[in-house]
Amino acid sequence: GLRKGFHLRAHCTRRKPWYIIPKLIPPDAFFPYRASHTPYLVLNTTGSLCTNSVHAINWQKLTKSQIEWVQISLLSYPGQLALEANGKTYGSGVLKIEPGALGNALVLTGNGRVPPRVYKSINALLEKNEREKASKVASEFIVSYCGIDSDTIARCSSMLQELRQR
């Protein structure tokens, strides 16, 4: 490593000795840096570690129900619009979501838990990689919870599709 200059790389210069990786703590969740469609938050239920190809998220004093609300909110049309508006677009429709863009996303921390039936339904769709369907279910739930009229959410969905096509 010394001959190849590894010890001079940014991360290595912060370590003593340069070749020992410090003890790592598994994050609570992951969120993609780049997504071609419908980015979503994944809880780290297995205690996995990650490279820097995804955002490692650590909750600071959030309850389980608040975490569920964050997940559902980010997946809903308003949350997706906020990610599109704050992220950077690359060729081929890839969206890059920097930490600041993720921090500026719209999230609702509703009262109480997301109904288990809704939460399980959304996660089952995500497990089958049916992101658009999961986003639609999340959006319908947020709409009913907040009392948003159908015209507003239809415009929101339409704006999201238009942004993605651009």
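Description of the structure in this document. If you're wondering where the values come from, they're calculated on a predicted model, not measured in any experiment. (Residues numbered from 1 in each chain as written. Predicted model: local features only at pLDDT ≥ 70, side-chain atom pairs only at ≥ 80, totals over all residues. Heavy atoms only, no water.)

### Brief notes about the overall build of the protein
Alright, step 1. What the protein contains, in helices and strands, is 7 helices and 6 strands.
Alright, step 2. The order of α-helices and β-strands along the protein, N terminus first, is α-β-β-β-β-α-α-β-β-α-α-α-α.
Alright, step 3. If you line up the protein on its principal axes, its C-alpha atoms span 65 × 35 × 25 Å.
Alright, step 4. The 166 residues of the protein split such that 36% are buried. (Helix = DSSP H or I, 4+ residues; strand = E, 2+ residues; numbered from the N terminus. Buried < 20%, exposed > 50% of the residue type's maximum accessible area, 1.4 Å probe, protein only.)

### Regarding the packing of helix H2 (residues 64-75) against helix H3 (residues 77-86)
Alright, step 1. Between H2 and H3, the least distance of the axes is 4 Å, while the angle of their chain directions is 70°. Regarding the angle of H2 to H3, the classification is roughly perpendicular. Within the contact between the two elements, H2 uses Ser73, Leu74 and Leu75 and H3 uses Tyr77, Gly79, Gln80 and Leu83.
Alright, step 2. Here the residues of the contact of H2 with H3 are counted per class, giving 4 nonpolar, 3 polar and no charged. (Axes fitted to C-alpha atoms, helices over the stretch in contact; angles between N-to-C directions. Parallel < 35°, antiparallel > 145°, perpendicular 65-115°, else oblique. Contact = heavy atoms within 4.5 Å. Nonpolar A, V, L, I, M, F, W, Y, C, P; charged D, E, K, R; others polar.)

### Points about the sheet that holds strand E1 (residues 29-32)
Alright, step 1. Within the open sheet, the 3 strands sit side by side as E3-E1-E4. Their pairing is antiparallel. Either end of the sheet is taken by a strand with one partner, and the two such strands are strand E3 (42-43) and strand E4 (54-57). (Pairing = 2+ DSSP bridges.)

### Here's the deal with H3
Alright, step 1. Counted residue by residue, H3 has 7 buried out of 10 residues, so it is predominantly covered.
Alright, step 2. Every buried residue belonging to H3 is among Tyr77, Gly79, Gln80, Leu81, Ala82, Leu83 and Glu84, and all of these are buried.
Alright, step 3. Looking at the buried positions of H3, the neighbouring elements they touch are E1, H2, strand E6 (95-96), helix H4 (99-103), helix H6 (131-146) and helix H7 (150-165).

### Here's the deal with the sheet that holds E6
Alright, step 1. Read across the open sheet, the 3 strands follow the order E2-E6-E5; overall the sheet is antiparallel. Looking at which strands have only one partner, the edges of the open sheet turn out to be strand E2 (34-35) and strand E5 (88-89).
Alright, step 2. When E2 meets E6, the two strands line up antiparallel, connected through 2 bridges. Bridged to Ala35 within E6 is Leu95.

### With respect to a nonpolar patch on the surface
Alright, step 1. Residues Ile21, Leu24 and Leu49 make up a contiguous nonpolar surface patch of roughly 310 Å² in combined accessible area.
Alright, step 2. Within the secondary structure layout, Ile21 lies in the loop between helix H1 (10-13) and E1. (Patch = residues over 30% accessible without salt bridge, like charges linked within 9 Å, V, L, I, M, F, W, Y side chains within 5 Å. Areas by Shrake-Rupley, 256 points an atom, 1.4 Å probe, with all protein chains shown as cover. Salt bridge = Lys/Arg side-chain N within 4 Å of Asp/Glu carboxyl O.)

### Some words on the packing of aromatic side chains
Alright, step 1. What the rule picks out here adds up to 4 aromatic pairs.
Alright, step 2. Linked through ring pairs, Trp69, Phe141 and Tyr145 together constitute an aromatic cluster. (Phe/Tyr/Trp six-rings, centres within 6.5 Å; stacked < 30°, edge-to-face > 60°.)

### A closer look at the pattern of salt bridges
Alright, step 1. Using the criterion set out here, one finds 5 salt bridges in the structure.
Alright, step 2. Notably, a salt bridge pairs Glu98 with Lys96, separated by 3.2 Å at the nearest N-O pair.
Alright, step 3. The partner of Lys136 in a salt bridge is Glu140, with the nearest N and O atoms 3.9 Å apart. Taken as a pair, Lys136 and Glu140 lie in helix H6 at a separation of 4 residues, close to a single helical turn.

Worth remembering: the numbers are spatial, not functional.
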